[in-house]
Amino acid sequence: MRVFYYTFGCKVNQYETENIKELFSDMGYEEWSDFETADICVINTCTVTAQADSKCRQLIHKIRNSNSQCVIVLAGCFPQAFKSQAEKMVECDIIVGTGRKRDIPRLAERFLLERERIIDVSPRKKGESFEPMSNSGADGKTRAYIKIQDGCDQYCTYCIIPYARGHICSKPLADIQAETCNLVKSGHKEIILTGINLCCYGKDFNDDTRLIDAVETVCRTEGDFRVRLGSIEPEMISNEDILRMSKLDKLCPHFHLSLQSGCDLTLKRMCRHYNSDEFMLLCRKLRKHFPDCAITTDIMVGFPQETDEEFNMSVDFVNRVKFAEAHIFPYSRRNGTVADRLNGQIDKKTKQLRAGIMTEACKKSQAEYLHNCIGKTFEVLFEKETSAEWHNGHAPNYVNVRVKRNDPEYSLRREIRQVIITSADGDFCYGELI
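Computed from a prediction, not measured in an experiment: that's the story for all the values here.

On to unusual backbone geometry. The phi torsion at Cys271 lies on the positive side, around 65°, for a residue other than glycine. The topology assignment puts Cys271 in the loop between helix 10 (264-270) and helix 11 (276-289).

Glancing now at the sheet that holds strand 5 (residues 94-96). Within the open sheet, the six strands sit side by side as 2-1-3-4-5-6. Their pairing is parallel. Of all strands in the sheet, those with a lone pairing partner are strand 2 (30-32) and strand 6 (118-120), marking the two edges. For this sheet, the mean inter-axis angle between neighbouring strands, taken without regard to orientation, is 20°. Note: strand 1 (residues 2-7) against strand 2, three bridges, orientation parallel. Paired with Val3 across the strands is Glu31, a residue of strand 2. The sheet strands contacting helix 1 (residues 11-26) are strand 1, strand 2 and strand 3 (40-45), and the helix crosses strand 1 at an angle near 175°. Most of the contacts of helix 5 (residues 104-114) go to strand 5, to which it runs at about 155°, and overall it touches strand 3, strand 4 (71-76), strand 5 and strand 6.

By the secondary structure assignment, His188 is in the loop between helix 7 (173-185) and strand 9 (190-195). Residue His188 is classed as buried on the basis of its relative accessible area, which comes to 2%. In this structure the side chain of His188 is engaged in a polar contact, spanning 3.0 Å, whose partner is the side chain of Ser186. Sequence-distant contacts of His188, that is, excluding residues within four places in its chain, are made with Gly137, Asp139, Lys141, Thr142, Arg143, Ala144, Leu183, Phe225 and Arg414.

With parallel pairing, three strands are arranged side by side in an open sheet as 11-12-13. The two strands at the open ends of the sheet, each matched to only one other strand, are strand 11 (254-256) and strand 13 (325-330). Pairwise comparison of adjacent strand axes, ignoring direction, gives a mean angle of 10° for this sheet. Summarising the sheet, strand 12 (residues 294-301) and strand 13 pair through six bridges and their orientation is parallel. Bridge pairing in strand 13 links Met300 to Phe329.

About the cut-offs
Residues numbered from 1 in each chain as written. Predicted model: local features only at pLDDT ≥ 70, side-chain atom pairs only at ≥ 80, totals over all residues. Heavy atoms only, no water. Helix = DSSP H or I, 4+ residues; strand = E, 2+ residues; numbered from the N terminus. Pairing = 2+ DSSP bridges. Axes fitted to C-alpha atoms, helices over the stretch in contact; angles between N-to-C directions. Contact = heavy atoms within 4.5 Å. Buried < 20%, exposed > 50% of the residue type's maximum accessible area, 1.4 Å probe, protein only. Polar contact = N/O pair within 3.5 Å; in protein donor to acceptor, adjacent residues only side chain to side chain.

Honestly, that's just the spatial picture; any functional story needs more than this.
Spelled out as C-alpha cells, the structure:
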C-alpha cells in the first residue's frame, strides 16, 4: 500500500507528519510521492489563515478528481477548529483532529476493512497529557526537530490556534532525552526544539520545570551536534533562563522572538503580553550574554485600527532593534477570532504598502548584520548539496553560508567545518574553509 503525505503549516505539523510516516512504515506501508497513484493520501492541515484552508480544499478536490479510489485522510488544525466545515468535505474518508494523529494508520486500516466514513474529532480539554510522539530520524536529514510542547493559552486576538491546538501540554524530560539520543545516533547534527508556544513548556507540570530545563537536558546529550530553539515568546524568558542558556556550549546563539508590532497600542489590541520597552530590554540582555547573536522575528502590518502613526512607530522600533532577519506579513482576517470582529479593518492596498515599507526596513538591518559577519569565523553545518557551484550550510546564528565548490563530486553534507566569512550579498554570507 502506498501513502502520499502533504503537510501545510508549521514545523510542529512537519514533525507530526514524520511521525505518522514512521508509523505507517512500521506497518509495511510505502511512502509515495504521487497522489494520483497512491492508495492513501494524508493531508495534515494548518488553519492559521483562511488562505490555508482554501489551499487545503483545492488540494483535496484535485486529489479526488484524479484518484477516485484512494483513501483521503484530513487531519490536524482545520478539522479541529472548524469541525462542521470539515465534515462537509465529502471527499474525505477519515477526519481527525489535533489530538489523535498517531491513530491515523490504525483508522486507515479500519476504513479499508469496513469502508465506512470515520470522523474522530474530540474537543481539546484542559489537563490532557502530551500525545506521545518520538521520531527515529531514519530520514537521513542533517537536522531534526523535536516537538516538546503543544497547545497555547495566550489567546492573542488575531489567532485561531488555541482553538485548534487546545491547552498547553509538555513532553516529559525523559522522553526528550531519549529522542535526542536516538536522533544523534542516527547522524543528525542539529536538534531543533519546537512547539506551538515553546516558552510554555512545563507549565502543565507541578514541579517548576520550564523550557530551560528541556534545553539543558538536550545539551547534556553526548555527541557532535548543536541545539537550536524554535520561535519563542518575548515575555516568558527570565534573567535566570538567559544566564543558564549562556553556559550551554551546544546552544546556537539564534533567538526568534515573535514581535508582531513595535507599537504598544497595537500590541495591546493584539492582546500580546509585553510592550516595546520590554522587548527591547530582552534583546539587550540576549546580546550581552550572546555577543553577535542573531535576533530574528515575525512582524504583522495592517492590524485592525492601526493608524499611519502607529505603523510608523512600529517601523521606527524595528529600525532601532536591528533584526538579523524578519518575516513580514499583512494581517489576515480569521473567522472565529476577536480581531475579525474589530472595527477599523485595514484595506488590502494599505496593508500591502505597509508590508513593503516594513520589508525594506528589515532588509537594511539584515544587510548590516550580514556585513558585520565579514572577517569572523563560524562553525558551519553543511546540508544537502543542491548546487554544483556552492556548498551550502548554516552558521550557529542561522546565517546562510556559501563556500565555493571546486569538486562537484565532493560533498560536505552533515559536516561541521570552520569557515571564515569573506563577503556578504543578499541573503547569504560567502566564506572559505579553514
